[in-house]
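# Topology and contacts: notes
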Amino acid sequence: MSDSCLKGDKRWWKEVVIYQVYPASFKDDNGDGLGDINGITAKLDYLSELGVNVLWLSPIFESPQKDMGYDISNYLEIHPPFGTMEDVERLIDELKKRDMKVIMDLVVNHTSSEHPWFIDSAFSKKSDRRDWYIWRAPKYDKEGNRQPPNNWASILDDSESAWTYHPETDEYYLSLFSPFQPDLNWENPRVRTEVHEIARFWLEKGASGFRMDVINLISKDQRFPDADVTHPHKKYQPGDKYYANGARLFDYLQEMKRVVLSKYDILTVGEMPFMEDEQQRLEMIKAEEGCLNMIFTFETMGLDSVPEEGRFSFKPWSVAELRQVIKKNQSMKSQKGWASLFCENHDQPRSVSRWCDDSDAYRVAGTKLLCMNQVTLTGTLYIYQGEELGMRNIPARWGPEEYKDIESVSYWKYICSRYADGSPQRERAKDLLRRKARDNARTPIQWDSTSNGGFCPPGVKPWMRVNDDYRTVNAASQTSAGKANERSAIVPPYRFWQRALEVRRQCANLFIYGDFELIEDTHPSVFAFQKSCHLESDVSITVLNCSGKEAEFKIPAKYQVESWLLGSYDVLSLEKAKKGTILLLPWEGLVGLCKTRQGA
Ligand code: TEU
């Protein structure tokens, strides 16, 4: 019998529910059309009632906002339109009163090109901070044209180089994301010491940990070799083989752990795209000897993309693939690792639009289905703002001019430079923006049905357009629906999430810590799994019909369902059977507690 949900494994950072706040779009308190710190403080009761214990704040630091704060020009000051340091201190105090914590976004693979370090570095080849960033001489091709030092493509605009030419000193600097985000040179110990100081500053201020932005990119292959040509139709190629998961990553993170992180009882989660190898993942997070508590990986997010075509691509996904990806993620715990669970963040489209059906008929059922998946899996749970309301993607009728993200803007510019208005390529690109743009998750939160969805005062223009559906999809209408119980027929998403988080807490041994096992041989559109724990006599089953068509689920004979805890529709009035075959409605999910029959 597995002993992996023993008491000794318990940690606060495994049990908390983390809510990601994207400050620009959460709540505008001072009426300038942009979300702010005081707006967050004003909504703490809403979050604590939902069942959230920790906030993850996307960057709130001084920044030119070329990439929405993921380009920082001062790590120790607050971006003035978001508020002041006093506002942050007050937020931390108010969180404490509610027994809540906050984690900060540590964006230290790169800074803003307006950071004084970079300004100094760029000033002259001889500047004291020259080697705080990554500078290389140009290359010249056969025709004598100046070219970047290698063929790596920029991550946020794959039609451009990852290197930016700096005419004043006739060198290129590495800027993996955009020219406004020069990569720091972690080989330089002075850079690392500065990063340690930044971390210490925020921990002393009262932060309870960090989400570390693209932290697996900090150790680059110092030969800076050309990447293999995997995108033959493109000038520049994905270079992640050489800039992600590098040779010194483990050492750099261990050093940070030794010098700063280990001195505090904190939560650390590293964002690690391009890390697929299970052993490498475990090396990062293994209890005691690892570097961080957990990491974000992106396999689920890749299920509906064509790898060779990059982010703006689409392919239908299958439940069969989903099963395998989730199984892999869940296996980490048995190997002394720990999973993080998310299906939305500020870089991803809205989940109900992406994985289910966001039409009026099925939006609520789909939102609940995704919630049931998340809350019954083992790991630390992350909710992205608006996910609890079942917010949707940007409406199809909005034009590309409504998309504000640097990545979407560059993509659309590239498309327009190549294809004529009205061409099929442009229409396809519009469709891909609708499906995949990061903007989808960045529209302002819809608090109520007043104009601007209550995000900012009526008459004020929000920094980004509010989704047209705010009159029907908003927090006020969902919270006023009364506290959920499993008997009410129409439970709105917020109330459903609230109840689901309660269920997760109550059955923590199963849901937070339990052992995951796929239920095999189901209908092709049904994803079903069992959770068990040797400390519990019951097991749970989660059954999800990931399709808009009815599907049958035959309850395996070994289970004797005692009660259905959660369901997309009204579980009790439907009197879902407790044995035999049940008919699942479109996008219906169910979570049940069962006895297992010996020998069955
Ligand atoms: O994202 C890093 C990252 O690799 C992706 O999630 C990326 O946004 C996506 O692949 C682009 O299609 C982090 C931040 O979450 C993101 O907002 C920043 O733009 C990026 O780092 C740079 O800091």
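Residues numbered from 1 in each chain as written. Predicted model: local features only at pLDDT ≥ 70, side-chain atom pairs only at ≥ 80, totals over all residues. Heavy atoms only, no water.

## Quick notes on the overall build of the protein
Tallying secondary structure elements over the protein gives 18 helices and 22 strands in all. Over its C-alpha trace the protein gives a radius of gyration of 24 Å, about what one expects of a compact globule, namely 25 Å for 600 residues. In the protein, which comprises 600 residues, the share counted as buried stands at 61%. In the protein, the share of contacts with a sequence separation of at least 24, taken over all contacts with a separation of at least 6, comes to 71%. Summed over its atoms, the accessible surface of the protein is roughly 23,700 Å², and 49% of this surface lies on carbon and sulfur atoms. Within the protein, the 89 negative side-chain charges are centred at a point lying 3 Å from the centre of the 78 positive side-chain charges. (Helix = DSSP H or I, 4+ residues; strand = E, 2+ residues; numbered from the N terminus. Rg over C-alpha atoms; globule rule 2.2 N^0.38 Å. Buried < 20%, exposed > 50% of the residue type's maximum accessible area, 1.4 Å probe, protein only. Contact = heavy atoms within 4.5 Å. Areas by Shrake-Rupley, 256 points an atom, 1.4 Å probe, with all protein chains shown as cover. Lys, Arg positive; Asp, Glu negative; His and termini not counted. Charge placed at Lys NZ, Arg CZ, Asp CG, Glu CD.)

## A closer look at the packing of helix α13 (residues 406-418) against helix α14 (residues 424-436)
At a minimum axis distance of 10 Å, the contact between α13 and α14 shows a crossing angle of 170°. As far as their axial angle goes, α14 and α13 are roughly antiparallel. In this structure, α13 uses Ser-408, Tyr-411, Trp-412, Ile-415 and Cys-416 to contact α14, whose residues at the interface are Gln-425, Arg-426, Ala-429, Lys-430, Leu-432 and Leu-433. Looking at the contact of α13 with α14, its residues break down into 7 nonpolar, 2 polar and 2 charged. (Axes fitted to C-alpha atoms, helices over the stretch in contact; angles between N-to-C directions. Parallel < 35°, antiparallel > 145°, perpendicular 65-115°, else oblique. Nonpolar A, V, L, I, M, F, W, Y, C, P; charged D, E, K, R; others polar.)

## Looking at helix α12 (residues 363-375)
Under the 1.5 Å per step criterion, the end-to-end length of α12 is 18 Å for 13 residues, consistent within 8% with the ideal 18 Å. In terms of residue burial, α12 counts as a mostly covered element, since 12 of its 13 residues are buried. Listed in full, the buried residues belonging to α12 are Arg-363, Ala-365, Gly-366, Thr-367, Lys-368, Leu-369, Leu-370, Cys-371, Met-372, Asn-373, Gln-374 and Val-375. (Expected span 1.5 Å × (residues − 1).)

## Digging into the side chain of Lys-368
Tracing the chain through its elements places Lys-368 in helix α12. Those residues in contact with Lys-368 that sit more than four places away from it in its chain are Val-491, Phe-496, Gly-567 and Ser-568.

## Considerations on the environment of Gly-386
With respect to the helices and strands, the residue Gly-386 is situated in the loop between β15 (380-384) and α13. Those residues in contact with Gly-386 that lie beyond four places of it in its chain are Tyr-19, Arg-350, Met-391 and Ile-445.

## Section: the pairing of β15
When a strand is regular, its side chains alternate between the sheet's two faces. Most of β15 is tucked away, with 5 of its 5 residues classed as buried. Neither face of β15 is open: one carries Thr-380, Tyr-382 and Tyr-384, the other Leu-381 and Ile-383, and all of them are buried. Taken together, the 2 bridges between strand β14 (residues 340-341) and β15 define a ladder with parallel strand orientation. Looking across to β15, one finds that Ser-340 is bridged to Thr-380. (Pairing = 2+ DSSP bridges.)

## Focus on the state of the cysteines
Under the definition given, this model contains 0 disulfides. As a non-bridged cysteine, Cys-507 has Cys-533 as the owner of its nearest cysteine sulfur, 11 Å distant. Cys-507 gets classed as buried once you look at its relative accessible area, which sits at 18%. (Disulfide = S-S within 2.5 Å.)

## Remarks on the pattern of salt bridges
The tally for this structure, following the rule as stated, stands at 43 salt bridges. Linking Asp-304 and Arg-354 is a salt bridge whose minimum nitrogen-to-oxygen distance equals 2.9 Å. Separated by 50 residues along the polypeptide, Asp-304 in the loop between β13 (294-296) and α10 (319-330) and Arg-354 in helix α11 (residues 351-355) bring together distant segments of the chain. Here Asp-304 falls in the buried class, since its relative accessible area comes to 2%. (Salt bridge = Lys/Arg side-chain N within 4 Å of Asp/Glu carboxyl O.)

## Here we look at the UniProt feature "domain: Glycosyl hydrolase family 13 catalytic" (unreviewed entry) in the protein
Using the residue numbers shown here, the UniProt feature "domain: Glycosyl hydrolase family 13 catalytic" (unreviewed entry) corresponds to residues 20-442. Along residues 20-442 one finds 31% helix and 12% strand; the C-alpha atoms at either end are 12 Å apart. (UniProt positions renumbered as here; feature names shortened; annotations may be inferred.)

## Remarks on the site of the ligand
Surrounding the ligand, one finds 17 residues, the nearest of these being Asp-67, Asp-213, Arg-311, Asp-347 and Glu-407. Here an oxygen atom of the ligand sits 3.1 Å away from a polar atom, N or O, in the side chain of Glu-271. Protein contact buries 92% of the 490 Å² of open area that the ligand shows by itself. Residue classes in the shell around the ligand are distributed as 5 nonpolar, 3 polar and 9 charged. (Near = heavy atom within 4 Å. Polar contact = N/O pair within 3.5 Å; in protein donor to acceptor, adjacent residues only side chain to side chain.)

## Looking at the sheet that holds strand β2 (residues 54-57)
Across the sheet, which stays open at both edges, the 8 strands sit in the order β13-β12-β11-β5-β2-β1-β15-β14 with parallel pairing between neighbours. Two strands in the sheet have a free side with no partner beyond their single neighbour: β13 and β14. Most of the contacts of helix α16 (residues 493-506) go to β15, to which it runs at about 170°, and overall it touches β1 (17-21), β14 and β15.

## With respect to the nonpolar core
Membership of the largest hydrophobic core comes to 138 residues, with the highest contact counts inside it found for Tyr-19, Leu-55, Trp-202, Leu-253 and Phe-527. Discounting chain neighbours no more than four positions away, the residues touching Leu-253 are Ile-215, Ile-218, Met-272, Met-284, Cys-291 and Leu-292. If you look at the next biggest cluster of nonpolar residues, it comprises 17 residues, including Ile-134, Trp-152, Phe-224 and Tyr-243. (Core = buried A, V, L, I, M, F, W, Y, C linked by side-chain atoms within 4.5 Å.)

## Here we look at the packing of aromatic side chains
As enumerated under the stated definition, the model contains 29 aromatic pairs in all. Residues Tyr-46 and Trp-447 carry aromatic rings whose centres are separated by 4.9 Å and whose planes lie at 75° to one another, so their mutual orientation is edge-to-face. In this pair, Tyr-46 sits in helix α3 (residues 44-50) while Trp-447 sits in the loop between α14 and α15 (475-479), placing the two residues 401 residues apart along the sequence. The residues Tyr-46 and Trp-447 share a single accessibility class, namely buried. Here the aromatic rings of Trp-135 and Tyr-173 are separated by 5.4 Å at their centres, their planes lie at 65°, and the arrangement is edge-to-face. Taken together, the positions of Trp-135 in strand β6 (residues 135-136) and Tyr-173 in strand β10 (residues 171-174) put the pair 38 residues apart, joining distant regions of the chain. For the pair Trp-135 and Tyr-173, a shared accessibility class is recorded, and that class is buried. (Phe/Tyr/Trp six-rings, centres within 6.5 Å; stacked < 30°, edge-to-face > 60°.)

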